Amino acid sequence: MFGVLIAITPVFIYFYYHKTLTDMLYAVFVFAFKRSLEGDKYDIHNELKISGCYFAMIFALCQVDYKRGVLKLRELISGKNHKIQVENSDNVDACVEIENEFAGKQLICGEFREFVLVAIFTMGFITAITLHFGDPFIYYFTTAYPIFMLTTIVMFVLYDPLTLLKSWRLDIPVAAFLVFLCYFASHTSNQINTVLFDRGNTYYQTYVDKANEMASLIPECDKDSVYSINMDMQWFECNDILPCYSYTINLQFFVSLDNQIEQNIIKRLKTDPPKWIVIGGDLSSYLPNINDVVMPMYSEVYENEYGALYLLD
């Protein structure tokens, strides 16, 4: 908890100082949740992306001593005590009897074992269910990494990797582990190949050159009065410019979620219009109401394949 406070306190202080704390909370939590709820249904590829959660649940279930559970259930039903015999060859409880100087293993294998397994299963289940709520954006799946890593650590604490194929309690989770690992291995390999062998691709440099060429028409004193519609944030990064209003990307999608956003933008354009606007594509085709406000007020001064630059009349 202390670590969380250390991380979030400077963020809250910054936005509170700039009097935008409520805007930040709305954008990050309320609106982002709305955004996450729209989108496509899950398919096998998306299920593979969250297979780390399934690995965690499978591992936890495989460590349950079902014989002990049945005996305890009988004991509760009959009111009698039954002697519980531990099978040292195939029961994780046997590790309690093994002398091991590693405190982590003693903790996980001892009285807290049930708690650890319940926590792993619950975290995996909640993460998997939450990820099914809406649009499967690729970066949402990073939320599966913590439970995947925790389960992997516990698995290597409880088992010697060289004992593979000696216990189904290890073999089944390892199979689920490999599914997750192999699926993302191809993506990782593609990224590495891009870095190592795609240096000859001129697309990115061309984009930077065109973005710089467009921004060169904006005087330095006006760079705090630039707004964009349907442009990438990379355009601002290339030119070291900060947009002068919220919701500078994916505007047409955001407006469909909250029409008040469009009303706020129209109000801003009418009362305090930015001096420059960068527009990508045909504005009338995706935001006709904003197009009707912008076009009478601005004149196009430059255009290339990535967008058009408009100046306030």
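Every value quoted in this text rests on a predicted model; they were computed, and no experiment measured them.

Attention now goes to the nonpolar core. Core analysis: the biggest nonpolar cluster contains 27 residues, and F55, F59, I120, V154, M155 and Y159 have the highest contact counts within it. For this core, the elements supplying multiple residues, two or more each, are α4 (51-62), α7 (113-131), α8 (145-158) and α9 (168-197). In terms of residue count, α9 provides more of this core than any other element does, seven residues in total. Ignoring any residue separated from it by four or fewer positions in sequence, one finds I120 in contact with A56, A60, I147, L150, T151 and V154. In this structure, L283, Y286, V294 and A308 belong to the second largest nonpolar core, which totals 22 residues.

What follows is about the environment of D292. If you trace the backbone, D292 turns up in helix α15 (residues 288-297). On the basis of relative accessible area, D292 is assigned to the exposed category, the value being 53%. With 26 residues separating them along the chain, D292 and I266 place their C-alpha atoms 9.7 Å apart.

As a further point, take helix α1 (residues 2-17). End to end, α1 covers 22 Å across 16 residues, agreeing with the expected 22 Å (1.5 Å per residue, within 8%). In α1, a bend of some 30° at I8 exceeds every other bend along the element, and P10, a proline, comes one to four places later. Following α1 by one or two positions, K19 has its phi on the positive side, about 60°.

Tallied over the entire structure, the rule returns three salt bridges. Note that K223 is salt-bridged to E220, the shortest N-O span being 3.4 Å. Classification of K223 by relative accessible area gives partly exposed; the value is 22%. We note a salt bridge from D272 to R268, for which the minimum N-O separation is 3.7 Å. Classification of D272 as partly exposed rests on a relative accessible area of 46%.

Definitions and limits used
- Residues numbered from 1 in each chain as written.
- Predicted model: local features only at pLDDT ≥ 70, side-chain atom pairs only at ≥ 80, totals over all residues.
- Heavy atoms only, no water.
- Core = buried A, V, L, I, M, F, W, Y, C linked by side-chain atoms within 4.5 Å.
- Buried < 20%, exposed > 50% of the residue type's maximum accessible area, 1.4 Å probe, protein only.
- Helix = DSSP H or I, 4+ residues; strand = E, 2+ residues; numbered from the N terminus.
- Contact = heavy atoms within 4.5 Å.
- Expected span 1.5 Å × (residues − 1).
- Bend = angle between axes of the 7 residues up to and from the residue.
- Salt bridge = Lys/Arg side-chain N within 4 Å of Asp/Glu carboxyl O.

In short, geometric facts, not functional conclusions.
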